[in-house]
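Tertiary structure, described
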Amino acid sequence: MKYTQTVAREVIRYRTPATLVPHVAVKDFPLTESYTIPKGTIVFPSVYESSFQGFIEAEQFDPDRFSDVRREDQLFKRNFLAFGAGAHQCVGQRYALNHLVLFIAMFSTLLDFKRHRTDGCDDIVYNPTISPKDGCTVFLSRRCTQFPTSERNDENAKGRYVVWSNNDVIED
C-alpha cells in the first residue's frame with residue numbers, strides 16, 4: 001500500500017484540513033527587512049499556502065512527489081506543515097495518515113464515487129477548515145460483493161448468493 005500512502009500524503013498537502021495554526025511570537029521575529037513581528041503577537045501562518053511553496057508543479061495533484069525516488073516531502077519539508085514541524089509536530093500524524101490510508105483503500109474498493117461537478121467546485125472557502133465552495137455534492141453507491149450463503153451458515157438460503165450492503169443482506 002505504498003502508493004496509497006503517497007496518495008494520502010498528497011491529499012493532506014494539496015487540501016490541508018487545518019489551514020491556519022495560531023502561534024504566539026516568543027520573541028521579536030524579523031519577518032522581512034522592513035517588518036519585525038513583536039514579541040507576544042499572535043501569528044496565523046497559512047499552512048495551506050505553505051503547502052504550495054517549493055513543491056514542483058504544486059498546483060497539480062501528484063502523489064508521486066512523495067515517492068522514494070522524488071522525496072519532495074523531504075526536500076521541501078519546511079513547507080509541508082500540515083502536521084506542524086520540529087518539537088511541535090503533531091503526535092497523531094502517523095495515526096491520521098494510517099487512518100486516511102485505510103479509508104482510501106476501503107473507499108476505493110467498496111464504493112463507487114462520482115462527484116457532481118459545478119462551476120467553481122474546485123474553489124475552496126475558508127471555514128475553520130477548507131471546504132469546496134459548491135458544498136461538494138457527492139454520489140456514493142456500494143459495490144456489491146457476492147458470497148455463497150453456505151459460507152454464512154444460513155440454513156434458509158444455502159447455495160444461493162447474497163449481496164452484502166453494510167449490515168443488511170439483500171438476497172438475489
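Each chain has its residues counted from 1, running along the sequence as written. Per-residue local features are limited, in this predicted model, to residues with pLDDT of at least 70; the limit for side-chain atom pairs, both in listing and counting, is 80 or more; totals at the level of whole chains, interfaces and linings are taken over all residues. Heavy atoms from the whole structure form the basis of all side-chain values; hydrogens and water molecules are not counted.

In the nomenclature of an unreviewed UniProt entry, the protein chain is known as sterol 22-desaturase of Hevea brasiliensis. UniProt positions are given in the numbering used here, feature names are shortened, and annotations may be inferred rather than shown by experiment. Turning to the protein chain, the UniProt record has this under Catalytic activity (unreviewed entry): "5-dehydroepisterol + NADPH + O2 + H(+) = ergosta-5,7,22,24(28)-tetraen-3beta-ol + NADP(+) + 2 H2O". Checking UniProt for the protein chain, the heading Subcellular location (unreviewed entry) contains the comment "Membrane".

**So, the overall build of the protein chain**
Counting from the N terminus, the helices are the DSSP runs of H or I reaching at least four residues and the strands are the DSSP runs of E reaching at least two. On a plain count of helices and strands, the protein chain comes out with 4 helices and 11 strands. Three labels apply to residues, based on accessible area from a 1.4 Å probe with only protein chains included: buried if under 20% of the type maximum, exposed if over 50%, partly exposed otherwise in between. Each of the 172 residues in the protein chain was classed as buried or not, and the buried ones make up 26%. Considering only intrachain contacts with a sequence separation of at least 6, the fraction spanning at least 24 residues in the protein chain is 50%. Shrake-Rupley sampling with a 1.4 Å probe provides the accessible areas, and residues are treated as covered by the protein chains on show and by no other component. Accessible area of the protein chain: about 12400 Å², with a carbon and sulfur share of 56%. Whether two residues touch is decided by their heavy atoms; if any such pair falls within 4.5 Å, the residues are in contact.

**So, the UniProt feature "binding site: heme" (unreviewed entry) in the protein chain**
Per the UniProt entry, the sites bearing "binding site: heme" (unreviewed entry) are Cys90 in this numbering. In this fold, cysteine 90 is placed in the loop between helix H3 (72-75) and helix H4 (93-110). Judged by its relative accessible area of 37%, cysteine 90 is partly exposed.

**Things to note about the environment of phenylalanine 103**
Looking at the secondary structure, you find phenylalanine 103 in helix H4. Taking the C-alpha atoms as reference, phenylalanine 103 lies 9.5 Å from alanine 8; in sequence the two are 95 residues apart.

**Digging into the packing of aromatic side chains**
For this analysis, a ring pair means two rings from Phe, Tyr or Trp (six-membered ring only for Trp) whose centres lie within 6.5 Å, classed as stacked if their planes differ by under 30 degrees, edge-to-face if by over 60, and tilted for the remaining angles. For the structure on display, the rule yields 5 aromatic pairs. Through pairs of rings, three or more aromatic residues link up here, namely Tyr14, Tyr48, Phe52 and Phe61. In this scheme, the term charge over a ring applies when either NZ of a lysine or CZ of an arginine sits within 6 Å of the ring centre and within 35 degrees of the ring normal. Sitting over the ring of phenylalanine 52, arginine 13 keeps its end group 5.3 Å from the ring centre. Positioned above the aromatic ring of phenylalanine 55 is the side chain of arginine 13, whose terminal nitrogen or guanidinium carbon lies 5.2 Å from the ring centre.

**As for helix H1 (residues 2-14)**
Given a rise of 1.5 Å per residue, 13 residues ought to cover 18 Å, and the 18 Å separating the end C-alpha atoms of H1 matches this to within 8%. Where H1 is concerned, the buried positions are Thr4, Thr6, Val7, Ala8, Arg9, Glu10, Ile12, Arg13 and Tyr14. Elements in contact with the buried residues of H1: helix H2 (47-50), H3 and H4. Between the first and last residue of a helix there are one fewer steps than residues, each counted as 1.5 Å, and that sum is the expected span.

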